[in-house]
Amino acid sequence: MTSSTDSVPAAVGENAAGLQRTIGWKDAFWVASGVPALVLFSIGGIAATIGNPSWMVWILSVGFGFIQSFTYAEIAGLFPSKSGGASVYGAAAWVRYARILAPLSVWCNWLAWTPVLAIGGGLAAGYILTSFFDADSAVRTWELQLVDLSFVKDDLALRIDATFLIGAGILLLVFAAQHHGILRTAKIQTIIGLAVIIPLLIVGVVPLVSGDVLMENLLPLSPLAFNDAGAVIPGEWSVEGVTLFMGGLFIAAWSAYAFETAICYTSEFRKPATDTYRAILSAGMLCVVVYTLVPLSFQGVLGVEGMLQDGIVDGSAVAGAMAGMVGGGSFIFGLMVVMLILALLLAVMTSMAGSSRTLFQGSVDGWLPKYLGGVNQHGAPTRAMWTDLGFNLILLMMSDYLFVLAVSNCCYLIFNFLNLNAGWIHRIDSAETPRPWRCPTPLMAAGVVLSFVNAALLGAGANVWGEGTLLSGLIAAALIVPVFAFRHYVTDRGQFPREMLEDLHVSSRDLSIRKAGVLPYAALAVGIAVAVAANQIFTL
């Protein structure tokens, strides 16, 4: 097995683009440690949608994500000098077959990840406000509405309030922490990660050991329904019930698949040949544990009716619920509030580190605007980070974060579909390229099957979270067309940058060689057909 670090200049430890090789797989693991905390973003929302089977939704979803990660680990090893994550490595497979599909993968991955900054910052700001100010205080009630967006979704607007101001401060704090490069980011996140993951594991384990998890709160596995009096009753597995379940799997994917961010730093690994697969698989194993134990304990203690409380659905009462689950009083409650704020901060840091590198590499490879390709003296992609920050300040003004999450997840499932099929395309088109780690073929085949499962979840599950969610997601994804067209045909005059072609080990002429023939087009057509059929069959 040949090491992938031979091309790295030994004297400076940098790749050609300017990112510095300063971290190992353990550092990337801690940079990705914000992902387990994402379970808290939508644990209440999923329970309020599907009811009793919500704990099963989380277990299935993180299982899907873990299977998918094996494909991503292989394709990441093909590109030791690229950063930006699985979408970048998958884009290199699709560029031969349709130029627009390559930037679509990168764009959709970024649009999926970047809203974590706004959502996490907004939720953390909300916890800070509720900890220090009463609900009717002027600080929490004042609001300046800027733009009415009710034509997109009812009651949606852009506004400035205390949540926005505190959230913006949090994002600026995270930006400052990451300004000095990935190594400092990893060190900071190791400390915060331990302060977050240990309490999460305690919350997941203690109720199970103490016997507070009640089977009647987990069973029967029937979808949510209500009687005439408004009480929760077991529903039926009708088309509507299955649609709700698919809606739960749809939104859970945004959190449960997200540990693939651990391979966003391939060009910053000291030993990419081994660090890449170790980072993603270790992060995946942690998420399997957390995404199994926490939802199981949460629902097993509270029951569906407890999970339906407004404070659990919107996240504001999660700290109190977690304190009660481990038998704590006011002191434990205070610790849980601090832990939740740190968890959200950790998630924001993870997102900024990964999504900014997706923008950076997309620029280097010729998919996104050229200005995003700059780094500072510490090897941090600061231009991409500023773009991330500016975009999320707009999202932070949104009055409905769950809508933002659902729209971004439409893009995420598009990215996952393209990248899971990129694994076998790379095997056909780049069979001779050394693979430092090779995914077992049955697992890669399982990933291909899951790509079509994701297509079905996109078609059936998106509109569960609001009429027009799927259309809004498709419009957001389509915005890459003018962006890429300007970069490729105006800035680069129809030619790809040298760096992108060198990473593929091809020339511009070689891009016309398509060994996979019509198979990628067939996979794409079937994926679209599955999504359309699911959208027509599974409705509420």
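## Re the overall build of the chain
Working step 1: Assigned secondary structure in the chain consists of 21 helices and four strands.
Working step 2: Judged by the C-alpha coordinates and their principal axes, the chain covers about 70 × 50 × 50 Å.
Working step 3: For the chain, with 540 residues in total, the buried portion stands at 60%.
Working step 4: Partitioning the intrachain contacts of the chain with sequence separation of at least 6 by distance along the chain shows that 80% fall at a separation of at least 24.
Working step 5: Accessible area for the chain stands at about 19900 Å²; split by element, carbon and sulfur atoms hold 66% of it.
Working step 6: Where the 25 positive side-chain charges of the chain centre and where its 33 negative ones centre are 18 Å apart.

## Structural notes on the packing of helix α3 (residues 54-77) against helix α11 (residues 272-307)
Working step 1: The contact between α3 and α11 brings their axes to 9 Å, and the two run at 175°. Overall, the two elements α3 and α11 adopt an arrangement that is roughly antiparallel.
Working step 2: Grouping the amino acids of the contact of α3 with α11 by side-chain chemistry returns 18 nonpolar, seven polar and no charged.

## Topic: a nonpolar patch on the surface
Working step 1: A cluster of nonpolar side chains, contributed by W142, L144, L146, V147 and L165, occupies part of the molecular surface with about 450 Å² of accessible area.
Working step 2: Tallying contributions element by element places strand β1 (residues 143-148) first for the nonpolar patch, with three residues.
Working step 3: With respect to the element layout, V147 can be found in strand β1.
Working step 4: Owing to a relative accessible area of 35%, V147 belongs among the partly exposed residues under this scheme.

## A word on the side chain of H426
Working step 1: With respect to the element layout, H426 can be found in helix α16 (residues 401-429).
Working step 2: Once residues within four sequence positions are removed from consideration, H426 is found in contact with I75, L78, F79, Y89, A92, A93, A431 and R435.

## Here's the deal with helix α19 (residues 480-491)
Working step 1: End to end, α19 covers 15 Å across 12 residues, agreeing with the expected 16 Å (1.5 Å per residue, within 8%).
Working step 2: Among all positions of α19, only I480, F484, R487 and H488 are buried. Here the buried residues of α19 occupy an arc of 80° about the axis, which is enough to place them on one side. Across from the buried face of α19, at angles greater than 90 degrees, the exposed residues are P482, F486 and Y489.
Working step 3: Phi turns positive one or two residues past the end of α19, at R493, with a value near 55°.

## Here we look at the packing of aromatic side chains
Working step 1: Going through the model one piece at a time under the given rule, you end up with 18 aromatic pairs.
Working step 2: Ring geometry for F66 versus F70: centroids 5.2 Å apart, planes at 80°, classification edge-to-face. Linking F66 with F70, this pair stays in helix α3, spanning four residues, or about one helical turn.
Working step 3: Classification of F70 by relative accessible area gives buried; the value is 13%.
Working step 4: Seen in terms of ring centroids, F79 and Y89 are 6.1 Å apart; in terms of plane orientation they differ by 10°. Their pairing is stacked. In this pair, F79 sits in the loop between α3 and α4 (86-94) while Y89 sits in helix α4, placing the two residues 10 residues apart along the sequence. With respect to class, F79 is no different from Y89; both count as buried.
Working step 5: Ring pairing ties together the aromatic residues F66, F70, Y277 and W437, which thus form one cluster.

## Points about the pattern of salt bridges
Working step 1: Considering all chains together, one arrives at eight salt bridges under this definition.
Working step 2: Measuring nitrogen to oxygen at the nearest pair gives 4.0 Å for the salt bridge that ties D429 to R96. Separated by 333 residues along the polypeptide, D429 in helix α16 and R96 in the loop between α4 and α5 (101-113) bring together distant segments of the chain.
Working step 3: On the basis of relative accessibility, which here comes to 7%, the residue R96 falls in the buried class.
Working step 4: Close ionic contact of D161 with R159 constitutes a salt bridge, the shortest N to O distance being 3.6 Å.
Working step 5: R159 gets classed as buried once you look at its relative accessible area, which sits at 8%.
Working step 6: Salt bridges sharing common partners tie together E74, R427 and R435.

## What about the confidence of the model for the chain?
Working step 1: The share of residues in the chain with pLDDT of 70 or more is 95%, and the mean pLDDT across the chain is 87.
Working step 2: For the stretch residues 1-17, pLDDT sits under 50, and the model shows 26 contacts to residues farther than four places along the chain or on other chains.

## Quick notes on the side chain of K82
Working step 1: Mapped onto the elements of the fold, K82 is located in the loop between α3 and α4.
Working step 2: Overall, the relative accessible area of 1% leaves K82 in the buried class.
Working step 3: Polar side-chain contacts of K82 include one of 2.6 Å to the side chain of D365.

## Here we look at the environment of C410
Working step 1: With respect to the helices and strands, C410 occurs in helix α16.
Working step 2: When sequence neighbours within four positions are dropped, the list of residues in contact with C410 reads F250, L458, A462, T469, L470 and G473.

## Here we look at the environment of S255
Working step 1: Looking at the secondary structure, you find S255 in helix α10 (residues 239-256).
Working step 2: Taking C-alpha positions, S255 is 9.2 Å from L40, a pair spaced 215 residues apart along the chain.
Working step 3: Residue contacts for S255: discarding those within four places in its chain leaves V35, L38, V39, S42, W58 and Y291.

## Details of unusual backbone geometry
Working step 1: Residues L219 and P220 are joined by a peptide bond in cis, for which omega reads 0°.
Working step 2: Along the chain, P220 turns up in the loop between α9 (182-210) and β3 (224-226).
Working step 3: A positive phi is found at R493, a non-glycine position, where the angle reads about 55°.
Working step 4: If you trace the backbone, R493 turns up in the loop between α19 and α20 (498-504).

## Some points on the pairing of strand β2 (residues 157-161)
Working step 1: Among the five residues that make up β2, five are buried, leaving the element largely enclosed by the rest of the structure.
Working step 2: Residue alternation in β2 divides its side chains into two sets, A157, R159 and D161 and L158 and I160, and both sets are buried.
Working step 3: Sheet topology note: the β1/β2 ladder contains five bridges and is antiparallel. From the neighbouring strand, D148 faces β2, where its bridge partner is A157.

Calculation rules
Residues numbered from 1 in each chain as written. Predicted model: local features only at pLDDT ≥ 70, side-chain atom pairs only at ≥ 80, totals over all residues. Heavy atoms only, no water. Helix = DSSP H or I, 4+ residues; strand = E, 2+ residues; numbered from the N terminus. Buried < 20%, exposed > 50% of the residue type's maximum accessible area, 1.4 Å probe, protein only. Contact = heavy atoms within 4.5 Å. Areas by Shrake-Rupley, 256 points an atom, 1.4 Å probe, with all protein chains shown as cover. Lys, Arg positive; Asp, Glu negative; His and termini not counted. Charge placed at Lys NZ, Arg CZ, Asp CG, Glu CD. Axes fitted to C-alpha atoms, helices over the stretch in contact; angles between N-to-C directions. Parallel < 35°, antiparallel > 145°, perpendicular 65-115°, else oblique. Nonpolar A, V, L, I, M, F, W, Y, C, P; charged D, E, K, R; others polar. Patch = residues over 30% accessible without salt bridge, like charges linked within 9 Å, V, L, I, M, F, W, Y side chains within 5 Å. Salt bridge = Lys/Arg side-chain N within 4 Å of Asp/Glu carboxyl O. Expected span 1.5 Å × (residues − 1). Arc of directions from axis to C-beta. Phe/Tyr/Trp six-rings, centres within 6.5 Å; stacked < 30°, edge-to-face > 60°. pLDDT = per-residue confidence, 0-100. Polar contact = N/O pair within 3.5 Å; in protein donor to acceptor, adjacent residues only side chain to side chain. Pairing = 2+ DSSP bridges.

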